[in-house]
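Now for the letters of each chain:
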Amino acid sequence: MSKFSTYLLLMFMIIFWLLRIVITIMAQLGKDFMGIVPINQTFEVVLLFLFLLCAILVVKRKLLGPLLYLGLHAVYFGGDITDKIGILASGETLTMGQSADLMLSIIGIIIPLAVLIDLLLDRGRKEHPVDKKTDWFYKNEKFDRELDERADKNNYRTL
């Protein structure tokens, strides 16, 4: 995780996750958070726990993490987006809570999509992984040349 964009996207993921936790807790207490309520309380809790796995996989730069993150959020928030767009297409207006739900649902799709694009655009992730423990030895040509010169001068005869 050496790119600044990855750190930034991870921070957005965590902020959105914390917001969803607050929304879920407020709904559990019987209140709404600025008119926003969870679409499905049970699936929301499962989604919040699976986020931890997805975040770890994103940090480790595994492709499964963003794919799982996008898939779960697309299933959860995609239906809400189509419902709200259907309401708008029928000529009705959305209430303030429905508009806030729509905005959070759109953000809930954009963040995983951006994480997936960021990971896919990082070509050096698999082709040239960096391992600081061994790169100093294997990628240091100057050290190889010095070792070769020393090895050539130290030829001892055995009797």
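To be clear, the structure that these remarks concern was listed above.
What comes next concerns the included structure.

Focus on the side chain of Asp-118
By the element assignment, Asp-118 lies in helix 4 (residues 96-121). When neighbours within four sequence positions are excluded, Asp-118 is seen to be in contact with Lys-3, Ser-5, Thr-6, Leu-9 and Arg-61.

What about empty space enclosed by the protein?
Applying the stated criterion across every chain, the model contains three cavities of 30 Å³ or more. Of the volumes computed, that of the largest cavity is approximately 60 Å³. Looking at the largest cavity, the residues that line it are Met-13, Phe-16, Trp-17, Arg-20, Leu-47, Leu-48, Phe-51, Tyr-69, His-73 and Phe-77. Elements supplying a minimum of two residues to the lining of the largest cavity: helix 1 (4-28), helix 2 (41-59) and helix 3 (64-89). With four residues, the top contributor of residues to the lining of the largest cavity is helix 1.

What counts and how
- Residues numbered from 1 in each chain as written.
- Predicted model: local features only at pLDDT ≥ 70, side-chain atom pairs only at ≥ 80, totals over all residues.
- Heavy atoms only, no water.
- Helix = DSSP H or I, 4+ residues; strand = E, 2+ residues; numbered from the N terminus.
- Contact = heavy atoms within 4.5 Å.
- 1 Å grid on protein atoms, 1.4 Å probe; cavity = no way out; pocket = protein on both sides within 12 Å on 5 of 7 lines; lining within 4 Å.
- Points joined across faces, edges and corners; volume = space filled by probe spheres on them.

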